[in-house]
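Observations on chain architecture
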Amino acid sequence: MKNFISSLYFLSLFPLSALANSEQKICMVLDKAGKDDLSFNQEAYHGFQKAVKNLPVSKDSKVIEAKDENHLNQTIRSFVNEKCKIIFAVGINNAEIIKQISPQFPNQKFAVIDANINKKNVRSIVFKNEQGAFLMGSIAAIKSTTGKIGFIGGMNIPLVQACEKAYIAGAKYVNPKINVLVGYVGITVDAWNNPTKAQEIALNQYDQNADIIFHGAGGSGLGVFNAAEKASKTSAKKYAIGCDSNQNWIKPGLILTSMTKEIEKSVIDTVQNIIDNKFTTGLFTYDVSNGGINWAFDKFNKELFTELQIKKINQIKNDIALNKIQTLREEAKN
């Protein structure tokens, strides 16, 4: 009894607030498209939410949407001062700031998503987007009835250009004669959050007889979905392909499929590593072979594919995972 009372006295010296402070505080900065983009940022945000809910993570953990470069710089520095155990930077634009700032805080742990930053205190989480884009191009070519499809990128940068090339390669892998129309929303970060411009480009591609358009445009991709719906009312049915998350539900029957990336899982995996004291820096890759990239097949689009088409798509997916496709290997080298 004496030992029990002593234990109670000992615990009373440490209030619950102190125990809570022992939990790891995680912080995340999203890019300008924000947590409601129904795409890349939202997936990362969901990973953050699940980590806070299901893991021993501090309730003081924070997510901030970067408004501009100066705001982003200040946010990262404030996160460091607030003793965030890990700071996530979502998107290639935010990653550039981490590249500049991380050497100034060598003891701070950072994780960048969708970029490779070669710094000693940074985990770079990347996805083999070219594999997913190749698969989306193959699916578009399998389903196209006009022999003409489209691609709309967000910001015109090498990362998205590589997706464009892989998408075209995937389409031509199925149909060497297919015609692929290409457009970009813009050259600044605003290109990720301009659905009006994306809709305009998509309508133009549909008017040129494209019947399927794949977007790699973040929040702007919603404009491609709206264009598919609008164009389908005045002519033969048009389709769009989503990106980064499963977007099939947004316009059921009009979104052919989505290129999914396990962004949410990458966040949770990283936080779990922090909790287990197993966090390491360097390059972490998610691809088709480990389930990091896939095509979305669910109740919203299952009626759009025949069994033979599904079999063909999954065969191509398997060949990608096993690195059997020569054209994709060549794309990866470039």
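Here's what I pulled together on the structure shown here. (Residues numbered from 1 in each chain as written. Predicted model: local features only at pLDDT ≥ 70, side-chain atom pairs only at ≥ 80, totals over all residues. Heavy atoms only, no water.)

Observations concerning the state of the cysteines
Which entries qualify depends on this criterion: Only a pair of cysteine sulfur atoms within 2.5 Å counts as a disulfide in this structure description. Helical segments are the DSSP runs of H or I of at least four residues, strand segments are the runs of E of at least two, and each set is numbered from the N terminus. When a residue's accessible area, from a 1.4 Å probe over protein chains only, is under 20% of the maximum for its type it is buried; when over 50% it is exposed; and in between it is partly exposed.
Overall, the coordinates contain one disulfide when judged by the stated rule. Here Cys-27 engages in a disulfide with Cys-84; their sulfurs sit 2.0 Å apart. On the sign convention where negative is left-handed, the bridge of Cys-27 and Cys-84, at about -60 degrees about the S-S bond, is left-handed. Here the residue Cys-27 occupies a position in strand S1 (residues 26-30), and Cys-84 occupies one in the loop between helix H4 (69-81) and strand S3 (86-90), the gap between them amounting to 57 residues. Assigned by exposure class, Cys-27 and Cys-84 land together as buried. Its sulfur unpaired, Cys-163 is 6.6 Å from the next cysteine sulfur, which belongs to Cys-243. With relative accessibility at 12%, the residue Cys-163 sits in the buried group.

Observations regarding the sheet that holds strand S7 (residues 179-186)
The cut-off we apply is this: Should DSSP find at least two bridges between two strands, the strands are taken to pair. The axes are straight lines fitted to the C-alpha atoms, using for helices just the contacting stretch, and the angles between their N-to-C directions are given from 0 to 180°.
As summarised here, the arrangement of the six strands in space is S7-S6-S8-S9-S10-S12, forming an open sheet in which the pairing is mixed. Whereas interior strands pair on both sides, the edge strands pair on one side only; in this sheet they are S7 and strand S12 (293-295). Each strand of the sheet is rotated relative to its neighbour by a mean of 15 degrees, with strand direction disregarded. Here strand S8 (residues 212-216) runs beside strand S9 (residues 239-244); their pairing, made up of three bridges, is parallel. Across the sheet, the residue bridging to Ile-213 is Ala-240, located in S9.

Considerations on the nonpolar core
The cut-off we apply is this: Residue types Ala, Val, Leu, Ile, Met, Phe, Trp, Tyr and Cys, when buried and joined through side-chain atoms within 4.5 Å, form a set referred to as a nonpolar core. In what follows, a contact means two residues having at least one pair of non-hydrogen atoms within 4.5 Å.
Judged by nonpolar contacts, the single largest core of 82 residues is most densely connected at Ile-113, Met-136, Tyr-167, Tyr-206 and Phe-214. No other element matches the eight residues that helix H6 (residues 129-143) contributes to this core. Here Met-136 is in contact with Tyr-167, Phe-214, Ile-241, Thr-257, Ser-258, Met-259, Asn-294 and Trp-295, once residues within four sequence places are set aside. The next biggest cluster of nonpolar side chains, apart from the first, holds 19 residues, and it includes Val-29, Ile-76, Ala-95 and Ile-98.

Let's talk about the pattern of salt bridges
This is how the line gets drawn: For this document, the term salt bridge refers to a Lys or Arg side-chain nitrogen within 4 Å of an Asp or Glu carboxyl oxygen.
Evaluated as defined, the whole model comprises nine salt bridges. In this structure, Lys-62 and Glu-82 form a salt bridge, with 3.0 Å as the shortest nitrogen-oxygen distance. With Lys-62 in strand S2 (residues 62-65) and Glu-82 in the loop between H4 and S3, this pair connects stretches of sequence that are 20 residues apart. Residue classification places Lys-62 among the partly exposed positions, given a relative accessible area of 34%. Glu-82 gets classed as partly exposed once you look at its relative accessible area, which sits at 28%.

Describing the environment of Thr-75
Note the threshold: A 3.5 Å cut-off defines polar contacts: any pair of N or O atoms within that distance qualifies, except that in protein one atom must be a possible hydrogen donor and the other a possible acceptor, and neighbouring residues in sequence count only when both atoms are side-chain atoms.
Inspection of the secondary structure puts Thr-75 in helix H4. Between the alpha carbons of Thr-75 and Ile-98 there is a distance of 11 Å; along the sequence they are 23 residues apart. Once you skip the residues sitting within four places of it in the chain, Thr-75 turns out to touch Val-29 and Ile-64. Polar side-chain contacts of Thr-75 include one of 2.8 Å to the backbone oxygen of His-71.

Here's the deal with the side chain of Asp-298
Note the following rule: When charges are counted, Lys and Arg are positive and Asp and Glu negative, with His and the chain ends excluded.
Secondary-structure assignment places Asp-298 in the loop between S12 and helix H11 (307-321). Salt bridges are absent for the buried Asp-298, whose nearest opposite-charge side chain, Lys-299, sits at 8.3 Å. Among the polar contacts listed, one links the side chain of Asp-298 to the backbone nitrogen of Phe-300, at a separation of 2.9 Å. Not counting residues up to four positions away in its chain, the partners in contact with Asp-298 are Asn-246 and Asn-248.

Quick look at the packing of aromatic side chains
Basically, it comes down to this: In summary, the pairing rule links any two rings of Phe, Tyr or Trp, Trp by its six-membered ring, whose centres are within 6.5 Å, and it sorts them by plane angle into stacked for under 30 degrees, edge-to-face for over 60 and tilted for everything else. A ring has a charge above it when a Lys NZ or an Arg CZ is no more than 6 Å from the ring centre and no more than 35 degrees off the ring normal.
Summed over the entire model, instances satisfying the criterion amount to nine aromatic pairs. Centroid distance Tyr-167 to Phe-214: 5.2 Å. Interplanar angle 35 degrees. Geometry classified as tilted. Of this pair, Tyr-167 sits in helix H7 (residues 158-174) while Phe-214 is found in strand S8, placing the two residues 47 residues apart along the sequence. Assessed through its relative accessible area of 0%, Tyr-167 is described here as buried. Phe-214 sits in the buried class, given a relative accessible area of 1%. Judged by centre distance (5.4 Å) and plane angle (40 degrees), the rings of Trp-295 and Phe-297 are tilted. Among the residues examined, Phe-297 registers a relative accessible area of 40% and is labelled partly exposed. Members of the aromatic cluster, each reached through a chain of ring pairs, are Phe-151, Tyr-167, Tyr-184 and Phe-214. A cation over an aromatic ring shows up here: Arg-123 above the ring of Phe-284, its NZ or CZ 3.8 Å from the ring centre. When the ring centre of Phe-305 is taken as reference, the NZ or CZ atom of Lys-143 above it lies at 5.5 Å.

Geometric descriptors of this kind do not, in isolation, establish any biological role.
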